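Residues per chain, in single letters:
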Amino acid sequence: MATILVVDDEFGIAEVLEAALTDAGHRVETAMNGRDGLQRLAKVVPDIIFLDYMMPVMNGPAMLREMQSTPAYQAVPVVMMSSLPEAVIAASSSGYRAFLRKPFVLRSVTDLIAEVLGTGTES
Amino acid sequence: MTRAPDTASEPARLLPSGIAGLDTILKGGFLRGGIHLIQGDPGSGKTILGDQICFNHAAAGGTALFVTLLAESHERMLAHHQGLAFFDETLIPASVTYVSAYAVLEKEGLPGLLQLLRREVQARGASVLVLDGLITAEESAGSRREFKRFVHGLQAQAALTDCTMFLLSSTAPRPTPSEHTMVDGIVELASQLFGRSAERTLEVLKRRGLGFLRGRHSFRITDAGIVVFPRIEALLGKPTREDRIPEDKLPSGIPRLDDMLGGGLPENSTTMLVGPSGCGKTIAGLQFLGGCSADQPGLFFGLFETPARLHAKAKHLKLPIEQSIGAGHVEIIWQPMTEGVLDEIGNRMLDAVQRRKVRRLFLDGLNGLEELAVEPARLNRFIAALSNEFRGMGVATMFTHEADLLGPADLPMGGLALREVSGITENIVVMRFVELRTRLYRMVSVIKVRDSDFQHRMRCYRIGEGGITIDGDPERAEAILVEALGGRGLER
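About the cut-offs
Sequence positions are assigned chain by chain, starting from 1 and proceeding in written order. Throughout, the order in which chains and ligands are written sets their labels, letters from A for the former and numbers from 1 for the latter. Confidence filtering applies because this is a predicted model: local features only for residues at pLDDT of at least 70, side-chain atom pairs given and counted only at 80 or more, and all residues used for totals across whole chains, interfaces and linings. Secondary structure counts use DSSP, requiring at least four H or I residues in a row for a helix and at least two E residues in a row for a strand, with both numbered from the N terminus. Exposure classification rests on a simple neighbour count of other C-beta atoms within 10 Å of a residue's own: a residue reaching 20 or more is buried, one at 12 or fewer is exposed, and one in between is partly exposed. C-beta atoms are placed from the backbone. Once C-beta atoms are placed from the backbone, any two residues with those atoms within 7 Å are in contact. Both definitions apply: the radius of gyration is a C-alpha atom measure, and the globule rule equals 2.2 Å times residues to the power 0.38. Fitted lines through C-alpha atoms give the axes, limited to the stretch in contact for helices. The angle between two N-to-C directions lies from 0 to 180 degrees. The cut-offs work like this: below 35 degrees is roughly parallel, past 145 is roughly antiparallel, 65 to 115 is roughly perpendicular, and the gaps in between are oblique. By definition, any crossing whose near helix is turned counterclockwise from its far helix by less than a right angle is left-handed, and any crossing with a clockwise turn is right-handed. Two strands pair if DSSP finds at least two bridges between them. Consider the strands pointing away from the viewer: the crossover is right-handed when the path from the first strand over the helix to the second runs clockwise. Expected helix span is taken as 1.5 Å per residue step, with the number of steps being one fewer than the number of residues. In plain words, the nonpolar core is the set of buried Ala, Val, Leu, Ile, Met, Phe, Trp, Tyr and Cys residues that C-beta atoms within 7 Å link up. Polar here means any residue other than Ala, Val, Leu, Ile, Met, Phe, Trp, Tyr, Cys and Pro, which are nonpolar, and Asp, Glu, Lys and Arg, which are charged; Gly is therefore polar. Predictor confidence is given residue by residue as pLDDT, running from a minimum of 0 to a maximum of 100. The arc in question is the one traced by the directions running from the helix axis out to the C-beta atoms.

Let us now look at the overall build of chain B. The number of helices and strands found in chain B is 16 helices and 23 strands. Counting only C-alpha atoms, chain B reaches 95 × 45 × 45 Å along its principal axes. Across the 492 residues in chain B, those meeting the buried criterion constitute 46%. Within chain B, counting contacts between residues at least 6 apart in sequence, those at least 24 apart form 72% of the total.

What follows concerns the overall build of chain A. From N to C terminus, chain A includes five helices and five strands. Along chain A, helices and strands appear, N-terminal first, in the series β-α-β-α-β-α-β-α-β-α. Rg of the C-alpha trace for chain A: 13 Å, near the compact-globule value of 14 Å for 123 residues, within the 12% margin. Taken over the C-alpha atoms alone, chain A extends approximately 35 × 30 × 25 Å along its principal axes. Expressed as a percentage of its 123 residues, the buried residues of chain A come to 39%.

Residue and element names in this part refer to chain B. Axis separation between helix α4 (residues 102-124) and helix α6 (residues 144-161) bottoms out at 10 Å; the angle between their running directions is 10°. Comparing the axis directions of α4 and α6 gives the class roughly parallel. Judged by the twist between their axes, the crossing of α4 over α6 is right-handed. Where α4 approaches α6, its residues L110, L114, L117, R118, V121 and Q122 are matched on the opposing element by E146, F150, G153, L154, Q157 and T161.

Bringing the pairing of strand β2 (residues 27-31) of chain A into the picture now. Residue and element names in this part refer to chain A. Relative to β2, strand β1 (residues 3-7) runs parallel, the two being bridged by five bridges. Considered in β2, the bridge of V6 is made with T30. Crossover handedness for the path β1 to helix α1 (residues 11-23) to β2: right-handed.

This part is about helix α14 (residues 379-392) of chain B. All names here are of chain B. The end-to-end C-alpha distance of α14 is 20 Å, a good match for the 20 Å that 14 residues give at a rise of 1.5 Å each. Among the residues of α14, F382, I383, A385, L386, S387, E389, F390 and R391 are the ones counted as buried. The secondary structure elements touched by the buried residues of α14 are α7 (232-235), β15 (270-275), α12 (342-356), β18 (360-364), α13 (366-372) and β19 (396-402). Count one or two residues on from α14 and you reach G394, which has phi positive near 80°.

To continue, consider the sheet that holds strand β7 (residues 128-132) of chain B. Residue and element names in this part refer to chain B. Taken in spatial order, the nine strands make up an open sheet running β6-β5-β7-β8-β4-β9-β10-β11-β12, and their pairing is mixed. Each having just a single partner strand, β6 (96-100) and β12 (225-229) make up the two edges of the open sheet. Across this sheet, the average inter-strand angle for adjacent strands is 25°, counted without regard to direction. Where strand β9 (residues 185-194) and strand β10 (residues 197-207) come together, 10 bridges link them in antiparallel fashion. Paired with E188 across the strands is E203, a residue of β10.

Attention now goes to the nonpolar core. One finds L51 and V79 of chain A together with L129 and V130 of chain B to be the most contacted residues of the largest nonpolar core, which totals 165 residues. Per element, the largest residue contribution to this core is eight residues, and it comes from α6 of chain B. Apart from the residues within four sequence positions on either side, L51 of chain A is in contact with V7, G60, M63, L64, V78, V79, M80 and M81 of chain A.

This brings us to the environment of V341 of chain B. All names here are of chain B. As for its position among the elements, V341 is in the loop between β17 (330-334) and α12. Residue class for V341 comes out buried when judged on the 22 C-beta atoms lying within 10 Å of it. Put simply, V341 and R200 are 141 residues apart on the chain and 9.5 Å apart in space, counted from C-alpha to C-alpha. When residues no more than four places from it in sequence are discounted, the contact partners of V341 are E199, S218, R220 and F229.

Taken together, the contact between chain B and chain A spans 22 residues of the former and 23 residues of the latter. Breaking the side of chain B that touches chain A down by element, the ones donating at least two residues are β1 (2-3), α4 and α6 of chain B. Within the side of chain B that touches chain A, the residues separate by chemical class into seven nonpolar, 10 polar and five charged.

With respect to the helices and strands, the residue G392 of chain B is situated in helix α14. Ignoring anything within four residues of it in the chain, the contact list for G392 of chain B reads P239, T240, R241, E242, D243 and R244 of chain B.

What follows concerns the confidence of the model for chain B. Caution applies to low-pLDDT regions: their predicted coordinates should not be interpreted in detail. Residue and element names in this part refer to chain B. For chain B, mean pLDDT is 88; residues scoring 70 or higher make up 91% of the total. Note on residues 5-11: pLDDT is under 50 here. Beyond four places in sequence and across chains, it has nine contacts. As a predicted assembly, this complex carries a pTM of 0.83 together with an ipTM value of 0.72.

Right, let's talk about helix α3 (residues 60-68) of chain A for a bit. Each α-helix turn comprises 3.6 residues. Residues three or four places apart therefore point the same way. Within the sequence span of α3 of chain A, burial applies to G60, M63, L64 and M67 of chain A. Each buried residue of α3 of chain A sits inside an arc of 100° when the element is viewed along its axis, so together they form one side.

On to the pairing of strand β4 (residues 78-82) of chain A, then. Residue and element names in this part refer to chain A. When you tally the buried positions in β4, you get four out of five residues, the bulk of the element. Looking at chain direction, strand β3 (residues 48-52) and β4 are connected through four bridges and run parallel. Each residue of the ladder has a partner; that of I49, found in β4, is V78. On the question of chirality, the crossover connecting β3 to the parallel β4 by way of α3 is right-handed. As paired strands, β4 and strand β5 (residues 98-101) are joined by four bridges and run parallel to one another. For V79, the partnering residue across the bridge sits in β5 and is A98.

Attention now moves to the sheet that holds strand β20 (residues 427-436) of chain B. In any sheet, the strands associate via hydrogen bonds between backbone groups, in a parallel or an antiparallel arrangement. All names here are of chain B. The sheet built from nine strands is open, its strands ordered β17-β16-β18-β19-β15-β20-β21-β22-β23 with mixed pairing. Looking at which strands have only one partner, the edges of the open sheet turn out to be β17 and β23 (467-470). Between one strand and the next, the sheet's axes are offset by a mean angle of 25°, whatever the strand orientation. Note that β20 and strand β21 (residues 439-449) share 10 bridges and pair antiparallel. Bridging from a neighbouring strand, F433 pairs with R442 of β21. Set on the sheet, helix α16 (residues 475-484) makes contact with β20, β21 and β22 (459-464); between it and β20 the angle comes to about 55°.

Right, dumping it as structure tokens:
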């Protein structure tokens, strides 16, 4: 099972992802913006990060840039999440492993975890 | 790079309620993966609606979860719903499951309830969730903020689990609580009193990002469950088909009336027969439908006489419609005037016309609808909407309208208020009585045929074997009227 960091200012999404992924046996940490996310990273380096694109204080691309400049975080796969089309995200951000368009269903999240971490299909 | 399915780029996905009229109002159904509030006073039909949505969803292959919070016990609810047509015991518990969440709410509060709902939805793969008794959750919240947080959490769950959620709640006080702004849709069920009769109504108050038919729509709770009748004026606000300008004339079934009309009734037009009781309007309608065939199916939609009485009348007068009914070319639908819902009648008529591709429709009559309409002010718009639709469908429609045209012919059109109805009908035929000494004479006149020449003189007519027979010329009517007016003639 993996350690997962969910960074999203939408507490509803963060809470449901935390609860559902915990039920699935993962260890889940949540953060409400990029700065908060970096502080969590300082304590524990997760296996995968679900990172929202638009957030207050520090947005997703800014947190991603910080991570890319820190060797310890460079290998952590990031799934960028947004309700905007991926083309818009790709124009202003790079280095993320996967993209998840909002709204999404839990199955998409578990499938991505399995795919990115190479742990096989999860139910 | 890995890419998850791009769900947002899919067209708006809708979840049909399985209740035809409601899905028409919602233009297909509820937003799938959304959260919808169904509110109404006790007894308004919320629980039946929620249960019906569950069973309809299950019957279509989905899985539904019905969660109660100190509302009816499951046993009692199932006992009440067992007699309803949508209820299918074989779908329980595999496709429809009932769960009580009150104990969890009591013990663990709203966070516990939220957790329970998510786990149950995920474990059962439920694509529909009904939460009955939202008020109990609201009351258990420590603050409005906590309750809003609960609704927000539900909203996220609905989207993330692709489960369409229905929250059943009492009618909200005004002003509308702010948490109601968080849901994707609000449907309100109500009951309105009109004098001593009551009519159930359904209104969509909110539907995020999607269109719907506005206003209050009537519904009934029947043995089939909830049956919704979209408001005719909203449903047919614009005709679904373009108006086709009539090129040919259609025989009215009364040969000399066709001469007076300038060759017959314009195709797919609307004709109003106006006259007092006993003047023969219904007989005229039976003659009109006597011209029906396999290619020209007809419909007699009556509010006064029962089918048995119509058969007897047609048989007594030896009208050709007897053969048309026998051959299945004409259908008779009788709507008793005791108690009815205007939109139910309109939808019934529309369904019957569509079902048999009706080309000739006789509605007997407008006064019956007036009696039934709890809001008579709607009637003109109601008839106009139906007329426009029928016109586009290529239907020749004939309505009857009772008017007190009886007595001395001092003012032959005296007392006839056509202003209200003339706008919705292209052709108007007036049938009346004229008193002279001890006799009553029947006379007919055509006062309007839109965009066509017609004869402007009144003629006498008789009712006997074969139905209505109109005089070959207006001379007898002229002589009677001159004498009735004391030799003054009509031109004063």
